[in-house]
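Results of the structural survey
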Amino acid sequence: MIAPASHIAKHPDKHLDAMRSSRPIAAMADNISSQNIDNDHRELNRRGLLFVLSSPSGAGKSTLAHMLLKADEEIAMSVSVTTRPKRPGEEHGKDYYFVSGDEFEEMVADHSFLEYATVFGNRYATPAAPVNQSLEAGQDVLFDIDWQGTQQLYQRAGQDVVRVFILPPSLDELRNRLESRNTDAPEIIESRMQRAASEISHWDGYDYVLINDDLDACFAKVKQILATERMRRSRQTGLIGFVRDLMAE
Ligand code: ADP
Ligand code: 5GP
């Protein structure tokens, strides 16, 4: 049994090397997972999906991602690699894999990443191997990545990607949230606010756009999108056989 990403996250150092040996992304286009849909007690397999949450920093995507992981056992978080310094309270292998610039470049050269980008002057990337492993283990994969990463992921695995953009109700509220989160120095908050408009300008590269005003209401919509996308005909790989049998009855 191949370990899902959530297992890898518990043993980060042992598995950082494992990220270097990824199967080509073409395998992802073939990602027939073993998830079963209970449909009148018949089991129908479906393709795993890649569920992306993006937003300007502070709009609430990490909060929504944590809520989703807690509520839904069929989805695993993609833990990114970054060169940015660890914030207080963050854990290596849980929040990010924190690496040096040289290590990052080595992994780029090894083709270990599905996508990578520079955000706020730091490098961020999605390691490919855990994503493939999660799909093989029958789990959907959740990504907290920016618009650049979303574009790259979509170019590589288009039909399996579901892109959700989270907007704050206002820029004043965005600033309130960044301040009340209490994780960044005032100059960092300022740079995040300055970048917000350019992040928001990419809203139209997403399948769904939600305004995160009331957190519970927004979370309900995120769950609704995921549930609906899982039911898409193209993802229900067992349907052809099921319908064939149905017609033969
Ligand atoms: P992001 O991951 O997009 O940078 P976070 O999830 O860290 O943002 O959220 C930023 C802050 O705003 C956190 O302190 C979080 O608890 C708070 N927050 C998130 N959503 C809401 C909401 N709907 N209403 C009020 N506060 C929120
Ligand atoms: P933070 O440093 O606040 O955790 O994240 C900063 C920004 O980087 C956020 O917009 C987040 O979505 C983005 N990000 C985090 N991981 C990745 C990644 O692996 N790839 C890309 N492209 N962006 C990422």
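What comes next is a walk through the structure. Counting restarts for each chain, with residues numbered from 1 along the sequence as it is written. Written order determines the labels here, with chains lettered from A and ligands numbered from 1. Residue-level local features of this predicted model are given only where pLDDT is at least 70; pairs of side-chain atoms are given and counted only at 80 or more, and the full residue set underlies all totals for whole chains, interfaces and linings. Hydrogen atoms and water are omitted, and side-chain values are computed over all heavy atoms in the structure.

Overview of unusual backbone geometry
Backbone geometry places His-111, a non-glycine residue, at a positive phi of 60°. Numbering goes from the N terminus for both helices and strands, where a helix is a DSSP run of H or I of at least four residues and a strand is a run of E of at least two. Turning to its location among the elements, His-111 is positioned in the loop between helix H4 (101–109) and strand S7 (113–119). Note on classification: 1.4 Å probe, protein chains only; a residue is buried when its accessible area is under 20% of the maximum for its type, exposed when over 50%, partly exposed between these limits. Here His-111 falls in the exposed class, since its relative accessible area comes to 63%. You will see that Phe-120, though not glycine, has its phi angle at about 50°, which is positive. Secondary-structure assignment places Phe-120 in the loop between S7 and strand S8 (122–127). Residue Phe-120 is classed as partly exposed on the basis of its relative accessible area, which comes to 30%.

Examining the site of ligand 1
The environment of ligand 1 is formed by 14 residues, the closest being Gly-58, Ser-62, Thr-63, Arg-181 and Asn-212. N or O atoms within 3.5 Å of each other form a polar contact, as long as, within protein, one can give a hydrogen and the other can take it, and as long as residues adjacent in sequence are counted only when both atoms are side-chain atoms. The separation between an oxygen atom of ligand 1 and a polar side-chain atom of Arg-181 is 2.8 Å. With respect to ligand 1, the side chain of Asn-212 contributes an N or O atom lying 2.8 Å from a nitrogen atom. If you list the elements that add at least two residues to the shell around ligand 1, you get helix H3 (61–71) and helix H7 (171–181). The element best represented in the shell around ligand 1 is H3, accounting for 3 residues. Gly counts as polar in this scheme, as do all residues outside two lists: the nonpolar Ala, Val, Leu, Ile, Met, Phe, Trp, Tyr, Cys and Pro, and the charged Asp, Glu, Lys and Arg. The class makeup of the residues in the shell around ligand 1 is 3 nonpolar, 7 polar and 4 charged. Distances are taken per atom, and a residue is near a molecule or strand as soon as one of its heavy atoms is within 4 Å of it.

Observations concerning the sheet that holds S8
With respect to topology, 4 strands assemble into an open sheet ordered S6-S5-S8-S7, the strand pairing being mixed. Only two strands of the sheet have a single neighbouring strand rather than two, namely strand S6 (96–98) and S7. Strand-to-strand twist across the sheet, computed as the mean angle between neighbouring axes with direction ignored, equals 25°. Here a strand pair is declared whenever DSSP counts at least two bridges between the two strands. Summarising the sheet, strand S5 (residues 80–82) and S6 pair through 3 bridges and their orientation is parallel. In this analysis, axes come from line fits to C-alpha atoms, helices being fitted only over the stretch in contact, and the angle between any two N-to-C directions falls in the range 0 to 180 degrees.

A word on the site of ligand 2
Surrounding ligand 2, one finds 17 residues, the nearest of these being Ser-80, Arg-84, Tyr-96, Glu-115 and Tyr-124. Within the side chain of Ser-80, an N or O atom sits 2.7 Å from an oxygen atom of ligand 2. Between ligand 2 and Tyr-96 there is a distance of 2.5 Å, counted from an oxygen atom to a side-chain nitrogen or oxygen. The Shrake-Rupley method, run with a 1.4 Å probe, gives the accessible areas here. Residue values count only the displayed protein chains as cover. About the coverage of ligand 2: the protein hides 95% of its 510 Å² of free accessible area.

What about the packing of aromatic side chains?
Stacked, tilted and edge-to-face are the three classes assigned to paired rings of Phe, Tyr and Trp, where Trp is represented by its six-membered ring and a pair needs centres within 6.5 Å; plane angles under 30 degrees give stacked, over 60 edge-to-face, the rest tilted. For the structure on display, the rule yields 6 aromatic pairs. Ring centres of Phe-104 and Phe-113 lie 5.0 Å apart, and the angle between their planes is 40°; this geometry places the pair in the tilted category. Assigned by exposure class, Phe-104 and Phe-113 land together as buried. Each member of the aromatic cluster is reached from another via a ring pair, and the members are Tyr-96, Phe-98 and Tyr-124.

Thoughts on a nonpolar patch on the surface
Together, Val-243, Leu-246 and Met-247 give the surface a local cluster of nonpolar side chains, amounting to about 300 Å² of exposed area. Its location among the elements puts Leu-246 in helix H10 (residues 239–248). Surface patches are defined over residues having more than 30% relative accessible area and no salt bridge, joining like charges when they lie within 9 Å and nonpolar side chains (Val, Leu, Ile, Met, Phe, Trp, Tyr) when within 5 Å. Any carboxyl oxygen of Asp or Glu that lies within 4 Å of a side-chain nitrogen of Lys or Arg is treated as forming a salt bridge with it.

This is a description of form; function is not addressed.
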